[in-house]
Amino acid sequence: MSSTNPIIKCTMAALAVLLGTACEGKPTPTRPVGQAAAPVASSNACQPISELNALDPRRPVPLQPMMAWHQKQNMQQHLGAIQQIIDGLARQDWEEIVRASARIESSPQMQQMCEHMGAGADGFTELALDFHRRADAIGEAAQARDAQAVLRATSNTLQACTSCHAAYRQDVVDAETWRARTGQTHDPAMGHGGH
Ligand code: HEC
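Read on for an overview of the structure. (Residues numbered from 1 in each chain as written. Predicted model: local features only at pLDDT ≥ 70, side-chain atom pairs only at ≥ 80, totals over all residues. Heavy atoms only, no water.)

### Section: the nonpolar core
Okay, step 1: Counting residues in hydrophobic clusters, the biggest one holds 18 residues, and the most contacted among them are Ile-85, Trp-94, Ile-97, Ile-104, Ile-138 and Val-150.
Okay, step 2: Sorting the residues of this core by element identifies helix H4 (65-90), helix H5 (94-102), helix H7 (124-143) and helix H8 (147-167) as the ones contributing at least two each.
Okay, step 3: Residues Met-67, Met-117, Phe-124 and Trp-178 belong to the second largest nonpolar core, which totals 12 residues. (Core = buried A, V, L, I, M, F, W, Y, C linked by side-chain atoms within 4.5 Å. Buried < 20%, exposed > 50% of the residue type's maximum accessible area, 1.4 Å probe, protein only. Helix = DSSP H or I, 4+ residues; strand = E, 2+ residues; numbered from the N terminus.)

### Side note on the site of the ligand
Okay, step 1: Not every one of the 17 residues close to the ligand is listed here, only the nearest: Met-75, Gln-76, Cys-161, Cys-164 and His-165.
Okay, step 2: Between the ligand and Gln-76 there is a distance of 2.7 Å, counted from an oxygen atom to a side-chain nitrogen or oxygen.
Okay, step 3: In the model, an oxygen atom of the ligand is placed 2.8 Å from a nitrogen or oxygen of the Gln-170 main chain.
Okay, step 4: When residues of the shell around the ligand are traced back to their parent elements, those giving at least two are H4, H7, H8 and strand S2 (168-172). (Near = heavy atom within 4 Å. Polar contact = N/O pair within 3.5 Å; in protein donor to acceptor, adjacent residues only side chain to side chain.)

### What about the coordination of the iron atom of the ligand?
Okay, step 1: Every protein donor of the iron atom of the ligand is listed here as Met-75 (SD) and His-165 (NE2), and their distances to the metal cover 2.0 to 2.3 Å.
Okay, step 2: With six donor atoms in place around the iron atom of the ligand and angles of 87 to 178° between them, the coordination shape is octahedral. In this pair, Met-75 sits in helix H4 while His-165 sits in helix H8, placing the two residues 90 residues apart along the sequence.
Okay, step 3: In this structure His-165 comes out as partly exposed when scored by relative accessible area, which is 44%. (Donors = N, O, S within 2.8 Å, 3.2 Å for Na, K, Ca; no water. Tetrahedral: all angles 85-135°; square planar, octahedral: opposite > 155°, others 65-115°.)

### Topic: H5
Okay, step 1: Looking only at H5, the buried set comprises Trp-94, Glu-96, Ile-97, Ala-100 and Ser-101. Looking down the long axis of H5, one finds its buried residues gathered within 155° of arc, a one-sided arrangement.
Okay, step 2: Buried residues belonging to H5 abut H4, H7 and H8. (Arc of directions from axis to C-beta. Contact = heavy atoms within 4.5 Å.)

### A short note on the packing of aromatic side chains
Okay, step 1: Enumeration according to the criterion identifies one aromatic pair in this entry.
Okay, step 2: Their ring planes at 90° and their centres at 5.2 Å tell us that Phe-124 and Tyr-168 sit as a pair that is edge-to-face. Of the two residues, Phe-124 sits in helix H7 while Tyr-168 sits in strand S2, which places them 44 residues apart along the sequence. This pair shows no difference in class: Phe-124 is buried, exactly as Tyr-168 is. (Phe/Tyr/Trp six-rings, centres within 6.5 Å; stacked < 30°, edge-to-face > 60°.)

### Some thoughts on the pattern of salt bridges
Okay, step 1: The final tally for this structure, using the stated rule, is seven salt bridges.
Okay, step 2: Among the salt bridges present, the one from Asp-93 reaches Arg-91, with a minimum N-O distance of 3.4 Å.
Okay, step 3: For Asp-93, a relative accessible area of 23% corresponds to the partly exposed category.
Okay, step 4: One network of salt bridges, in which partners are shared, links Asp-87, Arg-91, Asp-93, Glu-96 and Arg-99. (Salt bridge = Lys/Arg side-chain N within 4 Å of Asp/Glu carboxyl O.)

### What about the packing of H7 against H8?
Okay, step 1: It is at 8 Å that the axes of H7 and H8 come closest, and there the two elements cross at 165°. One way to sum up the angle between H7 and H8 is to call them roughly antiparallel. The hand of the H7/H8 crossing is left-handed. Packed against H7, whose contacting residues are Phe-124, Leu-127, Phe-131, Arg-134, Ala-135, Ala-137, Ile-138, Ala-141 and Ala-142, the element H8 presents Ala-149, Val-150, Ala-153, Thr-154, Asn-156, Thr-157, Gln-159, Ala-160, Cys-161 and Cys-164 at the interface.
Okay, step 2: Along the lines of polarity and charge, the residues of the contact of H7 with H8 split into 14 nonpolar, four polar and one charged. (Axes fitted to C-alpha atoms, helices over the stretch in contact; angles between N-to-C directions. Parallel < 35°, antiparallel > 145°, perpendicular 65-115°, else oblique. Left-handed = near helix turned anticlockwise from the far one by under 90°. Nonpolar A, V, L, I, M, F, W, Y, C, P; charged D, E, K, R; others polar.)

### Considerations on unusual backbone geometry
Okay, step 1: A positive phi angle, near 50°, is found at Gln-92, a position not held by glycine.
Okay, step 2: Inspection of the secondary structure assignment puts Gln-92 in the loop between H4 and H5.
Okay, step 3: At Arg-145, a residue that is not glycine, the phi angle is positive and equals roughly 55°.
Okay, step 4: If you trace the backbone, Arg-145 turns up in the loop between H7 and H8.
Okay, step 5: Using a relative accessible area of 56% as the deciding quantity, one classes Arg-145 as exposed.

Structure representation (structure tokens):
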């Protein structure tokens, strides 16, 4: 997937940081509900974010706000699918497990989305695709009505969730920064029927 020279990529990423990504120079208007437009100290507005980023050693995945929100929704659905799988397993409802695992199995659409989400973070897409492939085994085990195999495949899938969470975090950036860090040119209107 890395068609661009990694050194150029790194330089571009470093430049994007230097040029002031996300927060720098753009005060985020955080106004508590019900409070009149109180002036926000713009020089401090991003300090908590930089502090968090300094604490969080995971590799950043650059995403535009809509992509980041879309990813979070996907993630909540992934967790929902796992919950539904466990529920099906507890009741030996194999159909339920097949339906639930279909929500996280690999597909061409899934692949396209993962490539898009991981465009600015080396290795992310590979982990994502590996995750979906692991999930394929859950449905197969349910078709075979093999509870132990469903459990094994679910555990194996959850391992992919946890290793990705240990390695990557979202880095919400504006369109210009996203394009600079991914080398992509089009505007990602994710969540509107794909692209
Ligand atoms: C390829 C990477 C990857 C895989 C695989 C993955 N996640 Fe995530 N997940 C992320 C990233 C990145 C975030 C955002 C973390 C952050 O906030 O910076 C996230 C966030 C989440 C969140 C928080 C959502 C929110 O509303 O903030 C949940 C829940 C979650 N993941 C569940 C799962 C589950 C369950 C699985 C597996 C079934 C899974 N994820 C697999 C990368 C991944």
